[in-house]
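# Examining the three-dimensional arrangement
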Amino acid sequence: IRDIGVTGVQTCALPICDGMIRDRTRRDACKESTYQNGSVSDQRLLEILNAVDLSNLAAQSGGLDAIVDWSNVLSLGEQQRLAFGRVLVNQPRMVIADEATSAMDVAAEERMYGLMKNLTYISVGHRPTLLKYHTVRLHLQKNRDSHCKYTFGDIRSTTKAVDNEEVNLFFR
């Protein structure tokens, strides 16, 4: 992975910390975004919160501009869903999701990946449920000499299950 260079790709950081809902979904999230072009309304933010199963978040926390320490208020699964909301707001060219649904149940994971159906994404994970949202698998595994062995494969033809001791990247 160290040898793979990415140039010309818009980056989007997804930390969840204190601040306003508006900030956690829009401000400085991405270097280029629809928000910075001024095209995301409060109504659209509320629609996105609804789409990521956080429809009551703004009302319960005092509105889109209420300042809250989200890491102490939201569960890890809710923080992950809010991160998916940020992806929907900013519409980056590529999403890299590292264990992005690890704290969600399978149904929530399915809803979140369904929201990204028109985006390009790479997922890093151990859950076998991730396979159905991707088309290519990069399987990384250390061999006996501690060297990294890797294989690419079409997920539809992959018969080997996902192993928690291995690193898998899934592409769509």
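Summary of the structure given here. Predicted model, so just to flag it, every value in this text is computed and none were measured.

Let us now look at the overall build of the chain. A count of helical and extended segments in the chain gives 6 helices and 7 strands. Listing each helix as α and each strand as β along the chain from the N terminus yields β-α-α-α-β-α-α-β-α-β-β-β-β. Burial analysis of the chain (172 residues in total) assigns 41% to the buried set. In the chain, the proportion of contacts linking residues at least 24 apart, taken out of those at least 6 apart, comes to 62%.

To continue, consider the packing of aromatic side chains. Any pair of aromatic rings gets described here by the distance separating the centres and the angle formed by the planes. By the definition in use, this model includes 4 aromatic pairs. Pairing Tyr 113 with Tyr 133 gives two aromatic rings, centres 4.8 Å apart and planes at 5 degrees, and the pair type is stacked. One end of the pair, Tyr 113, is in helix H6 (residues 106-115); the other, Tyr 133, is in the loop between strand S4 (120-125) and strand S5 (136-142), with 20 residues separating them in the sequence. Per residue, the accessibility class of Tyr 113 equals that of Tyr 133, and both read buried. Taking the centre distance of 6.5 Å and the plane angle of 85 degrees together, the rings of Tyr 150 and Phe 152 count as edge-to-face.

Rules of the game
Throughout, a residue's number is its position along its own chain's written sequence, starting from 1. Thresholds applied to this predicted model are a pLDDT of at least 70 for local features of residues and 80 or more for the giving and counting of side-chain atom pairs; totals over whole chains, interfaces and linings are not thresholded and use all residues. By convention in this description, side-chain values take in all heavy atoms of the structure and omit both hydrogens and water. A run of H or I in DSSP becomes a helix once it reaches four residues, and a run of E becomes a strand once it reaches two; helices and strands are each numbered from the N terminus. Categorising residues by exposure relies on relative accessible area from a 1.4 Å probe, with only protein chains included: less than 20% of the type maximum marks a residue as buried, more than 50% marks it as exposed, and the intermediate range marks it as partly exposed. The contact rule is simple, with two residues in contact once any of their heavy atoms fall within 4.5 Å. Working definition: a ring pair exists when centres of Phe, Tyr or Trp rings (six-membered ring for Trp) sit within 6.5 Å. Plane angles under 30 degrees give stacked, over 60 give edge-to-face, the rest tilted.

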